[in-house]
Amino acid sequence: MSDLLSVRDLRIGATIFPPGEAPQDIEIVHGVSFDLQKGKVLGLIGESGAGKSTIGLAALAYGRGGVRITGGEVLLDGEDILPLDKKGIRKIRGARVCYVAQSAAASFNPAHKLGDQVIEATVEHGLMSRDEARKRADYLFEILGLPDPKNFGNRFPHQVSGGQLQRAMTAMALCSKPELIVFDEPTTALDVTTQIDVLAAIKNAIEMTGTAALYITHDLAVVAQISDDIMVLRNGDTVEYGPVQQIIENPRQEYTKALVNVRQTKQTEARDQTDALLKVENISAAYGNGVQVLHDVSLHVPRGQTLAVVGESGSGKSTLARVITGLLPPFKGSVKFGDDELSNAQKDRSRDHLRRIQLIYQMADTAMNPRQTVGQIIGRPLQFYFGMRGAERRKEVIKLLDEIEMGEAFYDRYPAELSGGQKQRVAIARALAAKPELILCDEPTSALDPLVAEGILDLLLRLQKERQVSYLFITHDIAIVRAIADSVAVMLQGKLVDFGPRSEVLNPPFDDYTDLLLKSVPEMELGWLEKVLATRKMESAGH
Amino acid sequence: MANPLAGVRAARHRLKETHPLSVLIAERLGLSVLLLWAVSVLIFAGVEALPGDFAETYLGQSATPQAIANIREDLGLDRPITTRYFEWLGGVVQGDFGNSWASGAPVSEQITKRLGNSLFLAFFAAAISVPLAVGLGMVAVHYRNRIPDRVINVLSLAAISLPEFFIGYILIVFFAVQMGVATFPSTVYDNMGWSERLGAIALPTATLVMVVLAHMMRMTRAAIISVMSSAYMETAELKGLGAFKAIVKHAAPNAIAPIVNVVALNLAYLVVGVVVVEVVFVYPGMGQYMVDAVTVRDMPVVQACGLIFAAVYILLNMVADIVAIVANPRLRHPR
């Protein structure tokens, strides 16, 4: 059988501008080759910086920003598209090869209706008349499971949800009946319960239209549901390339094995969860615009243990953290810490209360001053809370750096010189410097690659054992909850729907929503998606 | 309900959800009127606080305490400030700015003519500078970080860095004095022919264009660059659209609001900021009228000019705001 897409020894370069130095040309993809047959799906998987998106865009002969393709061949139906001129390439883009971006919200033009944008390329390339294209769009909206498919196209991007936008973007790619679609992390920005619907819709649409696809993601469990073959990439090199079954069930390379085994339990659940350090009682809170985001939430964090707060975006879990810190005073309810009742507003709290509760954020990047060195960043709370200065402070900072497994060598570095994982470690050290009893962790690993995230979780657990610090760990990732939590709180639309020891919350009998959430998390298992969808159908038929 | 305001607020909130556009525009209109009223208070208080006195300036050497008191009484200056303010405000609302103290003629008549002259000058400056700025901005984006972009940037920066009176005098020295191709002074009369009139305003127009060009050009450049680097422009390119089509259909609708904003700001400056340029070129517009009135402490004229300048400024900014609101699809088509 002939190959639809054949990539031979693809080399991609970029120009970087290191501060204070001359621009340098570097190679970011070092000779990658693969073949894709008609109607098949190839999954490209790897961490950030692996070059997977860059390779995907090369299938459209496109380099993002200063990226350019420096060598190799991209054969589409036997013809190399790299040497084509602008006009030749334009005929392929949007007609024979289409692209689905990670953030559909940013990739749709806010000024035009969805329907017009979906059919634009098809009409522009003269593949169909406007009316035919509209009919096809309506059909695609329907098979992608969008609500009210006849009128969906009349809406503007801001009028539909993120999951719907992602499906609309898929419809846009399918509209011109392309031979190949490049999906670039199409479900990464979505909540798990939405992700499963979009994933099913994409898989269904691929099967019904017979298009081939490159599916790019960092989540092996997701790609296992949709691909025929998988290519594992790292730093622009192929690590392993083979049929999906072999990669998942019998990985040959160490790196692939690590990716497959990344999710496992680390912590046995604490037996006694009665000694509450933090008690949140009947909290209701609203933002200034009058929209209530928390409805009567009560929970507690036991001393020296981890409470995981799970929920989808908009469920109020970060708002809960803001209430606990006093950044958002609640209009009802109270927060008790140890034996003390905390003031509602942060400015009314004593310095000692402030010290005992610290925060770690999702974006370590934006949570530290880029003009301060690591030493200054970690030293600041030491000076503020304990009045340490000079050599004493330096010694303490270095001790903390050793604790987070980084060491003295990083003392004079700036945040820009650190990797994502190192930045998060510095943020942890800064929180620890205050000798807190409770650390609020707001999705501290969700911006990190899986293996780096593992390192951070291990560090947090070790610190908990050594220092008896409690964590309130906000996350949307059930796998993390399984790995580290002692107790679990499940939130939905500002309400607490489930709260208790991990073994109770994550095992039957389930609360309805917890059940849905748990079932939506992709598992590293072939045929998982079909199984879940089948149970769902049976359930809805039974009702 | 515990708080009587809560009901009002809730009603406003509901209205905002159903008709966000009308509510926002109505809010802008209301705010503009409020702002204008506040400015009228400031102008009146400011003029009142000015050192010096019309009667003293008017009488000069022959000022006796009795003569000064007589004039003050004639003008009604012996009455309390609040009474005078509300009288003045009442007249202004009906389009009557009172009579000039110096000439005794109604201020409104004079101002109509002077404002006409100022708008005439501002119109030509705008007609040249706006298309030029937007065009140069586009050229700069097209040659981004290359020689033409740099040249445009440096020249426009130089123009904006020089004070307008300095640019004015330089133009006069070169074009009127040395080369003799331009007219100076730029005084225009009622019965002047069109071509003569245009010749007269050539130099002040050129000065104004140079002053406002850089700001508009740079903002246009920034707005276009920000739109061009957005993800939906990449989508357009990956759809196989040509560059021209992508810019017209996908970039332009999103770049309009910021560009209109900066254009309106500069138009306002053209009308308001001409004071200095009019004085340099001896052009009989609002600016010169106001400066003359300040020297003789002719308060009704100063107040009227100040209020009209403020009104023009507020009006243009409000228009820019409303254009930006209308150009935003989120507000035009609520969820």
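Residues numbered from 1 in each chain as written. Chains lettered and ligands numbered in written order. Predicted model: local features only at pLDDT ≥ 70, side-chain atom pairs only at ≥ 80, totals over all residues. Heavy atoms only, no water.

- Looking up chain B in an unreviewed UniProt entry gives the name ABC transporter permease, with the organism given as Thalassospira profundimaris.
- Listed in UniProt under the heading Subcellular location (unreviewed entry), the comment for chain B reads: "Cell membrane".
- UniProt's Sequence similarities (unreviewed entry) comment on chain B is quoted here verbatim: "Belongs to the binding-protein-dependent transport system permease family." (UniProt positions renumbered as here; feature names shortened; annotations may be inferred.)

- Under an unreviewed UniProt entry, the name given to chain A is ABC transporter, and the organism recorded is Thalassospira profundimaris.
- Under the UniProt heading Subcellular location (unreviewed entry), the entry covering chain A gives this text: "Cell inner membrane".

**Thoughts on the overall build of chain B**
- In terms of helices and strands, chain B carries 15 helices and zero strands.
- Once the C-alpha set of chain B is aligned to its principal axes, its extents read approximately 85 × 75 × 35 Å.
- Pairs at least 24 apart in sequence give 74% of the contacts found in chain B among residues at least 6 apart.
- Of the accessible surface of chain B, which amounts to about 17,700 Å², a share of 68% is contributed by carbon and sulfur atoms. (Helix = DSSP H or I, 4+ residues; strand = E, 2+ residues; numbered from the N terminus. Contact = heavy atoms within 4.5 Å. Areas by Shrake-Rupley, 256 points an atom, 1.4 Å probe, with all protein chains shown as cover.)

**Here we look at the interface of chain A and chain B**
- Counting from both sides, the interface comprises 28 residues of chain A and, opposite them, 21 residues of chain B.
- Overall, the association of chain A and chain B removes approximately 2,400 Å² of surface from exposure, summing both partners, and the carbon and sulfur fraction of that is 55%.
- Summed over the shared surface of chain A and chain B, the result is five salt bridges.
- When the shortest N-O distance is used, the salt bridge between Glu237 of chain B and Arg93 of chain A registers 3.8 Å.
- Seen at the junction of chain A and chain B, the total is 13 residue pairs in polar contact (both at pLDDT 80 or more). (Buried area = accessible area lost by both parts, 1.4 Å probe. Salt bridge = Lys/Arg side-chain N within 4 Å of Asp/Glu carboxyl O. Polar contact = N/O pair within 3.5 Å; in protein donor to acceptor, adjacent residues only side chain to side chain.)

**Considering a nonpolar patch on the surface**
Residues and elements named next belong to chain B.
- A cluster of nonpolar side chains, contributed by Leu162, Phe165, Phe166, Tyr169, Ile170, Val173, Phe174, Phe175, Met179, Val181 and Val276, occupies part of the molecular surface with about 990 Å² of accessible area.
- Considering every element that reaches the nonpolar patch, the biggest residue donor is helix H8 (residues 164–178), with seven residues.
- With respect to the helices and strands, Phe174 occurs in helix H8. (Patch = residues over 30% accessible without salt bridge, like charges linked within 9 Å, V, L, I, M, F, W, Y side chains within 5 Å.)

**A few points about the UniProt feature "domain: ABC transmembrane type-1" (unreviewed entry) in chain B**
- Within this numbering scheme, the UniProt entry marks residues 115–320 of chain B as carrying the feature "domain: ABC transmembrane type-1" (unreviewed entry).
- When the span residues 115–320 of chain B is considered, its composition is 83% helix and 0% strand, and the gap between its end C-alpha atoms is 22 Å.

**Considering the UniProt feature "transmembrane region" (unreviewed entry) in chain B**
Residue and element names in this part refer to chain B.
- The feature "transmembrane region" (unreviewed entry), as given by UniProt, occupies residues 21–45, 119–143, 155–177, 197–216, 259–281 and 301–327 in the numbering adopted here.
- In the segment residues 21–45, helix accounts for 100% and strand for 0%; the C-alpha atoms at its two ends are 36 Å apart.
- For residues 259–281, helix accounts for 91% and strand for 0%, while the C-alpha atoms at its two ends are 30 Å apart.

**Structural notes on the domain arrangement of chain B**
Residues and elements named next belong to chain B.
- Under the domain assignment used here, chain B contains domain 1 (19–92) and domain 2 (107–329).
- Domain 1 and domain 2 are separated by 30 Å when their C-alpha centres are compared.
- Domain 1 puts 21 residues into the contact, and the matching count from domain 2 is 17 residues.
- The largest share of the area that domain 1 buries against domain 2 comes from Arg28, Leu36 and Val47, three residues that together contribute 26% of it.
- Between the two partners, domain 1 and domain 2, sit one salt bridge.
- The closest approach of N and O atoms between Asp321 and Arg28, which form a salt bridge, is 2.7 Å.
- Summed over the shared surface of domain 1 and domain 2, the number is two residue pairs in polar contact (both at pLDDT 80 or more).
- Broken down by element, the residue count for the side of domain 1 that touches domain 2 peaks at 13 residues, all from helix H2 (residues 20–49).
- Taken together, the residues of the side of domain 1 that touches domain 2 break down into 15 nonpolar, four polar and two charged. (Domains from an automatic or database assignment. Nonpolar A, V, L, I, M, F, W, Y, C, P; charged D, E, K, R; others polar.)

**Some remarks on the confidence of the model for chain B**
- When the pLDDT values of chain B are averaged, the result is 84; 98% of them are 70 or greater.
- Element-level pLDDT for chain B is lowest in helix H1 (residues 4–18) of chain B, with a mean of 70, against a maximum mean of 92 in helix H10 (residues 231–238) of chain B. (pLDDT = per-residue confidence, 0-100.)

**Looking at the UniProt feature "domain: ABC transporter" (unreviewed entry) in chain A**
- UniProt's entry tags residues 7–260 and 278–518 of chain A with the feature "domain: ABC transporter" (unreviewed entry), counted in the numbering of this structure.
- Along residues 278–518 of chain A one finds 38% helix and 26% strand; the C-alpha atoms at either end are 27 Å apart.

**Regarding the sheet that holds strand S10 (residues 237–243) of chain A**
All names here are of chain A.
- Pairing is mixed in the open sheet, where six strands are placed in the order S6-S7-S8-S3-S9-S10. Each having just a single partner strand, strand S6 (97–100) and S10 make up the two edges of the open sheet. Ignoring which end each strand starts from, the neighbouring axes of this sheet average 15 degrees apart.
- The sheet contact formed by strand S7 (residues 180–184) and strand S8 (residues 212–217) spans five bridges and is parallel. Counterpart to Val182 in the pairing with S8 is Leu214.
- Seen against the sheet, helix H7 (residues 162–175) touches S6 and S7 and runs at an angle of roughly 175 degrees to S6. (Pairing = 2+ DSSP bridges. Axes fitted to C-alpha atoms, helices over the stretch in contact; angles between N-to-C directions.)

**A word on the packing of aromatic side chains**
- Applying the stated criterion to the full structure yields 11 aromatic pairs over all chains.
- With 5.0 Å between their ring centres and 65 degrees between their planes, Phe141 of chain A and Phe152 of chain A make a pair best called edge-to-face. Of this pair, Phe141 of chain A sits in helix H5 (residues 130–143) while Phe152 of chain A sits in helix H6 (residues 149–152), placing them 11 residues apart in sequence. Per residue, the accessibility class of Phe141 of chain A equals that of Phe152 of chain A, and both read buried.
- Between Phe384 of chain A and Tyr385 of chain A, the ring centres sit 4.9 Å apart and the planes meet at 80 degrees, which makes this aromatic pair edge-to-face.
- Given the relative accessible area of 31%, Phe384 of chain A is considered partly exposed.
- Ring-pair connections join several aromatic residues into one group, and the members of that group are Phe44, Tyr85, Phe86 and Trp88 of chain B.
- When the ring centre of Phe386 of chain A is taken as reference, the NZ or CZ atom of Lys435 of chain A above it lies at 4.9 Å.
- Here the basic side chain of Arg197 of chain B rests over the ring of Phe120 of chain B, its NZ or CZ set 5.5 Å away from the ring centre. (Phe/Tyr/Trp six-rings, centres within 6.5 Å; stacked < 30°, edge-to-face > 60°. Buried < 20%, exposed > 50% of the residue type's maximum accessible area, 1.4 Å probe, protein only. Lys NZ or Arg CZ within 6 Å of the ring centre and 35° of its normal.)

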